[in-house]
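For reference, the chains in residue letters:
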Amino acid sequence: DVMIEMARLLMQSGEKEKAAGLVRNIAYANLQDVYFFIYSGFDAGGIRNEYCERFREIRELASELQLQDVLLETEVELQTLCKF
């Protein structure tokens, strides 16, 4: 994902505050997508294939940036779908 790579580059270049803001935005936007698909009746397997790996990457970045709010939110919201 291009936005995740951008967050990594920001983090590596020392722009941790900008990277943190981007990671929060990426997590929020992707959670909204997941909610839309789930509540629209899409197949959970397809959603899992599309989003769980992305959220693993988001969680990895959030962990490196010590964004406990993002880690907690993704854990709570996606625990049954992605099994983190």
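Heads up: the structure comes first, above all this text.
In this text, all values refer to a predicted model and were calculated from it rather than measured experimentally.

A. Region of interest: the overall build of the protein chain. For the protein chain, the helix and strand inventory stands at 4 helices and 0 strands. The order of α-helices and β-strands along the protein chain, N terminus first, is α-α-α-α. In summary, the protein chain has a C-alpha radius of gyration of 13 Å against a globular reference of 12 Å for 84 residues, a match within 12%. Long-range pairs, those at least 24 residues apart, make up 60% of the contacts in the protein chain with a sequence separation of at least 6. Of the accessible surface of the protein chain, which amounts to about 5300 Å², a share of 51% is contributed by carbon and sulfur atoms. Distance between charge centres in the protein chain, computed from 9 positive and 15 negative side chains, equals 3 Å.

B. Region of the structure containing the packing of aromatic side chains. In this structure the tally under the stated criterion is 4 aromatic pairs. Geometrically, the ring pair formed by Phe36 and Phe37 is edge-to-face, given 5.3 Å between the ring centres and 65° between the ring planes. Ring geometry for Phe37 and Tyr51: centres 6.1 Å apart, planes at 45°, overall tilted. In this pair, Phe37 is assigned in helix H2 (residues 16-39) and Tyr51 in helix H3 (residues 44-64), connecting sequence segments 14 residues apart. Given a relative accessible area of 24%, Phe37 falls into the partly exposed group. The exposure class assigned to Tyr51 is buried, which follows from its relative accessible area of 6%. Put simply, the rings of Phe36, Phe37, Phe42 and Tyr51 touch in pairs and so form one group of aromatic residues.

C. Broad picture of H2. Over its 24 residues, H2 runs 34 Å from end to end, which matches the ideal 34 Å to within 8%, given 1.5 Å per residue. Ala19, Ala20, Leu22, Val23, Ile26, Ala27, Asn30, Leu31 and Val34 are the residues of H2 that are buried. Residues of H2 that are buried in the fold lie against helix H1 (2-12), H3 and helix H4 (68-82).

D. Representation of the packing of H1 against H3 in the model. For the pair H1 and H3, interaxial distance at closest approach is 11 Å and the crossing angle is 15°. It follows that H1 is roughly parallel to H3 by the angle criterion. Along this stretch, H1 crosses H3, giving a crossing that reads as left-handed. Residues Ile4, Ala7, Arg8 and Met11 of H1 pack against Arg54, Glu57, Ile58, Glu60, Leu61 and Glu64 of H3. Counted by class, the contact of H1 with H3 contains 5 nonpolar, no polar and 5 charged residues.

Reading guide: rules and limits
- Residues numbered from 1 in each chain as written.
- Predicted model: local features only at pLDDT ≥ 70, side-chain atom pairs only at ≥ 80, totals over all residues.
- Heavy atoms only, no water.
- Helix = DSSP H or I, 4+ residues; strand = E, 2+ residues; numbered from the N terminus.
- Rg over C-alpha atoms; globule rule 2.2 N^0.38 Å.
- Contact = heavy atoms within 4.5 Å.
- Areas by Shrake-Rupley, 256 points an atom, 1.4 Å probe, with all protein chains shown as cover.
- Lys, Arg positive; Asp, Glu negative; His and termini not counted.
- Charge placed at Lys NZ, Arg CZ, Asp CG, Glu CD.
- Phe/Tyr/Trp six-rings, centres within 6.5 Å; stacked < 30°, edge-to-face > 60°.
- Buried < 20%, exposed > 50% of the residue type's maximum accessible area, 1.4 Å probe, protein only.
- Expected span 1.5 Å × (residues − 1).
- Axes fitted to C-alpha atoms, helices over the stretch in contact; angles between N-to-C directions.
- Parallel < 35°, antiparallel > 145°, perpendicular 65-115°, else oblique.
- Left-handed = near helix turned anticlockwise from the far one by under 90°.
- Nonpolar A, V, L, I, M, F, W, Y, C, P; charged D, E, K, R; others polar.

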